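Here's the letter readout for the chains.
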Amino acid sequence: MNNIFVYLEIEDGIVADVSLELLTKGRTLADKQQCKLEAVAAGYQLDKIGEQVFPYGVDTLYLADDKRLSPYTTLPHTSILVNLFKEEKPQIALMGATSIGRDLGPRVSSALFSGLTADCTALEIGTYEDKKAGKVYDDLLYQIRPAFGGNIVATIVNPDCRPQMATVREGVMKKEIRNAKHVGKTVKLDVSNYVSDTDFVIEVIERHMEKSKVNLKAAPIIVAGGYGMGSAENFKMLYDLAAVLGGEVGASRAAVDSGMAEHERQIGQTGTTVRPKLYIACGISGQIQHIAGMQDSSMIIAINSDPDAPINTIADYVITGTVEDVIPKMIKYYKKNSK
Amino acid sequence: MSFNIVVLAKQVPDTRNVGKDAMKADGTVNRAALSAIYNPEDLNALEQALRLKSTIEGAQVHVLTMGPARAAEIIRESMYRGADGGYLLSGREFAGSDTLATSYALAAAIRKINKVDIIICGRQAIDGDTAQVGPQIAEKLGLPQITYAEEILDFSKREITVKRRLERGVEVVKGALPMVITVNGSAANCRPRHAKLTLKYKNAKTVSERQASSTDYTDLYETHPYLNILEWGASDIEHEPQWLGLSGSPTKVKQIESVVFTAKESKRLTPADGEIEELIKELIANHTIG
Ligand SMILES: Cc1cc2nc3c(=O)[nH]c(=O)nc-3n(C[C@H](O)[C@H](O)[C@H](O)COP(=O)(O)OP(=O)(O)OC[C@H]3O[C@@H](n4cnc5c(N)ncnc54)[C@H](O)[C@@H]3O)c2cc1C
Ligand SMILES: Nc1ncnc2c1ncn2[C@@H]1O[C@H](COP(=O)(O)O)[C@@H](O)[C@H]1O
């Protein structure tokens, strides 16, 4: 009762990173609230899920194991969460802001009449005063997210309804093992008590999931290009620089929209959130929506011909010049000085 | 055979073109500085509806929108592109609705429209980017849903096959109507306005728009019933007052801050060879690279 739940997303028997990141966050919140961290997995052949998630500090793992639950479809997974939440009455429920989480979350929130905040970038615990009703609420979940195209940051609370639900994008929270040896309790659900036959009305006929080729989140160095790169031809310089430094290439939305880079390389509010050791922003102006996805990089170098580009205000090193001039020099002097 | 398609479309502030004057000095949004547009993915939804209409004999497309009086513009715009008409759900009872209260009201309106075979929404509205209203309506109506639809591949005997575009792949799914579909921005663009339809419908108005306008066209609206855009208030839909508007919204905004990034102390360099080489040496020395 009154615990924190994380919905586990599973593909090919592997728990998604975003779920592990949420477990890490959920563990911290549960410590603060002095409650349990619980996880729920719905799918088929889930024997190996426990060993993947217990190290993140899961106290109880609920398994709904049934052939019909994989691949994911909306209604049966909704029924499992809705019925389980009715029994367990969690205070907080978290899921990934993914194609699955954003399909499932609103459905569950609608059934339980509880509020849901999509795409949170931070989750905290705090108090809330409802001045009109003259009520003070302690220990609410602050669901913090950008709004209005990233121009404002809003803190949302759900004072009265439970669970307080939020989705978070992959890469926004950090994942961290709590205790590699920890083993929590496993509860196997009797699936037929949770779903009904009418839940299986949508049939998946075909499914092609690709493993992402680009792993921006894990890259210690990111060389990112913006509209200022000018052309797909010029963009190739970034691959050269990334190759010599051992990094990955990222992009702004303007670069993606203009076809210079693939969508999966986009960094920012509607792309991936990254926090590498070094971020080199090349021909990126530094609009709020871009900065939202890279501001936590340990070191930022900005290369921009405009001395007043907004990106410069958050950069550790500002090189005022053109990418055509600066990038080849960086490659040249790295080759000369390394080893 | 009658076949009723309802498209949910929302009028939104154009957050994609936020200029400097979009934020007021006190950090709140200056809505007046943003133009109101047809939510982009709702146009993709409309296109899918119009395509279905063209393949199903007797099919009709109606657009349902909840918003202020001026949101009737969305319905007219839809008619210019081929919709048969629409409904505006408007009134102060709906003010302050979060996604749950919005879906409650829209679901009630859909029940009132009655005999709806398919409900097509956009994936998400750009003012909040939540992507919640479609699935929440489906739940309230007890209907299945297909989200992230990119293309309707097949429709026959009340079964629909849809290609979904997901973050990491594609899926083809099949299900029986009635249901709710939410359409992705990657789906086909909406056809442009049709000149003849634009002429035909340019005087289509809601009752409040007619009352606000100085000329009286009563005759026109009696002889041309298709020019009447239906306008519903809270009293027209079956509802429990506590689920509408602010009181039906479990989420509350505690605080809003405009985004300011704390400027760092940065080192300024020129592209001179010596400066770039120094920088690279420094980064190697402190193990940032290499
Ligand atoms: C809801 C919403 C979500 C968004 N999400 C994202 C997101 O996730 N990620 C994202 O990146 N954007 C996002 N955006 C878009 C964002 O607002 C900006 O439009 C975008 O980041 C701009 O990209 P840019 O900096 O590459 O292009 P520009 O703003 O056009 O900047 C180009 C820069 O290159 C410089 N330049 C030009 N030529 C050269 C040269 N030869 N050498 C060096 N410098 C040069 C210019 O001085 C300029 O600073 C979003 C917008 C909205 C409304
Ligand atoms: N006020 C509204 N009127 C009509 N349709 C809406 C409204 N709000 C949301 N929708 C529909 O629900 C979709 C998702 O909206 P949202 O959950 O706000 O991102 C939109 O693309 C619309 O199709």
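Residues numbered from 1 in each chain as written. Chains lettered and ligands numbered in written order. Predicted model: local features only at pLDDT ≥ 70, side-chain atom pairs only at ≥ 80, totals over all residues. Heavy atoms only, no water.

Turning our eyes to something else, we now look at the packing of helix α5 (residues 232–245) of chain A against helix α8 (residues 323–337) of chain A. Residues and elements named next belong to chain A. With their axes 10 Å apart at the nearest point, α5 and α8 run at an angle of 20° to one another. Relative to α8, the element α5 is oriented roughly parallel. Once α5 is placed against α8, the crossing between them reads as left-handed. Here N234, M237, L238, D240, L241, V244 and L245 of α5 come into contact with α8, specifically with V323, E324, I327, P328, M330, I331, Y334 and K335. In terms of residue class, the contact of α5 with α8 is built from 11 nonpolar, one polar and three charged. (Axes fitted to C-alpha atoms, helices over the stretch in contact; angles between N-to-C directions. Helix = DSSP H or I, 4+ residues; strand = E, 2+ residues; numbered from the N terminus. Parallel < 35°, antiparallel > 145°, perpendicular 65-115°, else oblique. Left-handed = near helix turned anticlockwise from the far one by under 90°. Contact = heavy atoms within 4.5 Å. Nonpolar A, V, L, I, M, F, W, Y, C, P; charged D, E, K, R; others polar.)

Position of M330 of chain A relative to the elements: it lies in helix α8. Not counting the four nearest positions on each side in its chain, M330 of chain A is found in contact with L241, I280 and I303 of chain A together with I276 and I280 of chain B.

Here the focus is the sheet that holds strand β5 (residues 60–65) of chain A. All names here are of chain A. Strand order in the open sheet made by the seven strands is β7-β11-β6-β1-β4-β5-β12, with parallel pairing throughout. At either margin of the open sheet sits one strand with a lone partner, and together these are β7 (116–120) and β12 (185–188). Within this sheet the neighbouring strands show an average axis-to-axis angle of 20°, counted without direction. Bridge count between strand β6 (residues 92–96) and strand β11 (residues 164–168): five bridges; the pairing is parallel. (Pairing = 2+ DSSP bridges.)

This paragraph deals with the packing of aromatic side chains. Counted according to the given criterion, the structure contains eight aromatic pairs over all chains. Ring centres 5.2 Å apart and planes at 70° place the aromatic pair F5 of chain A and F85 of chain A in the edge-to-face group. Of this pair, F5 of chain A sits in strand β1 (residues 4–8) while F85 of chain A sits in helix α3 (residues 74–88), and the two are 80 residues apart along the sequence. The exposure classification of F5 of chain A matches that of F85 of chain A, with both residues buried. A ring pair is formed by Y201 of chain B and Y226 of chain B, whose centres lie 5.7 Å apart and whose planes are at 85°; its orientation type is edge-to-face. Of this pair, Y201 of chain B sits in helix α5 (residues 195–201) while Y226 of chain B sits in the loop between α7 (218–223) and β11 (230–232), placing them 25 residues apart in sequence. Overall, the relative accessible area of 6% leaves Y201 of chain B in the buried class. Taken together, the ring pairs connect F5, Y62 and F85 of chain A into an aromatic cluster. Positioned above the aromatic ring of Y226 of chain B, the side-chain terminus of K200 of chain B is 4.9 Å from the ring centre. The ring of Y221 of chain B carries R210 of chain B above its face, with NZ or CZ at 4.2 Å from the centroid. (Phe/Tyr/Trp six-rings, centres within 6.5 Å; stacked < 30°, edge-to-face > 60°. Buried < 20%, exposed > 50% of the residue type's maximum accessible area, 1.4 Å probe, protein only. Lys NZ or Arg CZ within 6 Å of the ring centre and 35° of its normal.)

What follows concerns the site of ligand 1. Residue and element names in this part refer to chain A. In the vicinity of ligand 1, 28 residues are found, and the nearest of them are Y227, S252, T270, S285 and Q289. Contacts to ligand 1 include N304, whose side-chain N or O atom sits 2.8 Å from an oxygen atom. The protein chains hide 80% of the 990 Å² of surface that ligand 1 would expose on its own. Put simply, the parts of the chain that give the shell around ligand 1 at least two residues each are α6 (253–257), α7 (288–291) and α8. (Near = heavy atom within 4 Å. Polar contact = N/O pair within 3.5 Å; in protein donor to acceptor, adjacent residues only side chain to side chain. Areas by Shrake-Rupley, 256 points an atom, 1.4 Å probe, with all protein chains shown as cover.)

Another aspect to go through is the interface of chain B and chain A. Taken together, the contact between chain B and chain A spans 80 residues of the former and 85 residues of the latter. Applying the counting rule to chain B against chain A returns seven salt bridges. For the salt bridge of R107 of chain A with E139 of chain B, the shortest nitrogen-to-oxygen distance reads 2.8 Å. Viewed at the interface, chain A and chain B are joined by 37 residue pairs in polar contact (both at pLDDT 80 or more). Sorting the residues of the side of chain B that touches chain A by element identifies α3 (99–113), α4 (133–141), β7 (145–156), β8 (159–166), β9 (169–176), β12 (252–258), β13 (267–269) and α8 (273–285) of chain B as the ones contributing at least two each. (Salt bridge = Lys/Arg side-chain N within 4 Å of Asp/Glu carboxyl O.)

Residue and element names in this part refer to chain B. Taken together, the neighbourhood of ligand 2 is formed by 19 residues, with L8, D42, A125, T130 and Q132 sitting nearest. Between ligand 2 and the protein, one listed contact pairs an oxygen atom with a backbone N or O atom of L8 at 2.7 Å. Within the side chain of N39, a nitrogen or oxygen atom sits 3.3 Å from an oxygen atom of ligand 2. In isolation ligand 2 offers 480 Å² of accessible surface; the protein chains occlude 97% of this area. Elements with a contribution of two residues or more to the shell around ligand 2: β4 (59–66), α3 and β6 (118–122). Split by residue class, the shell around ligand 2 holds nine nonpolar, seven polar and three charged.

Along the chain, R162 of chain A connects to P163 of chain A via a cis peptide bond; the corresponding omega equals -5°. Topologically, P163 of chain A is positioned in the loop between β10 (152–157) and β11. Following L177 of chain B, the chain continues to P178 of chain B via a peptide bond in cis, the omega torsion being 0°. Non-glycine residue K89 of chain A carries a positive phi angle of around 45°. Positionally, K89 of chain A belongs in the loop between α3 and β6.

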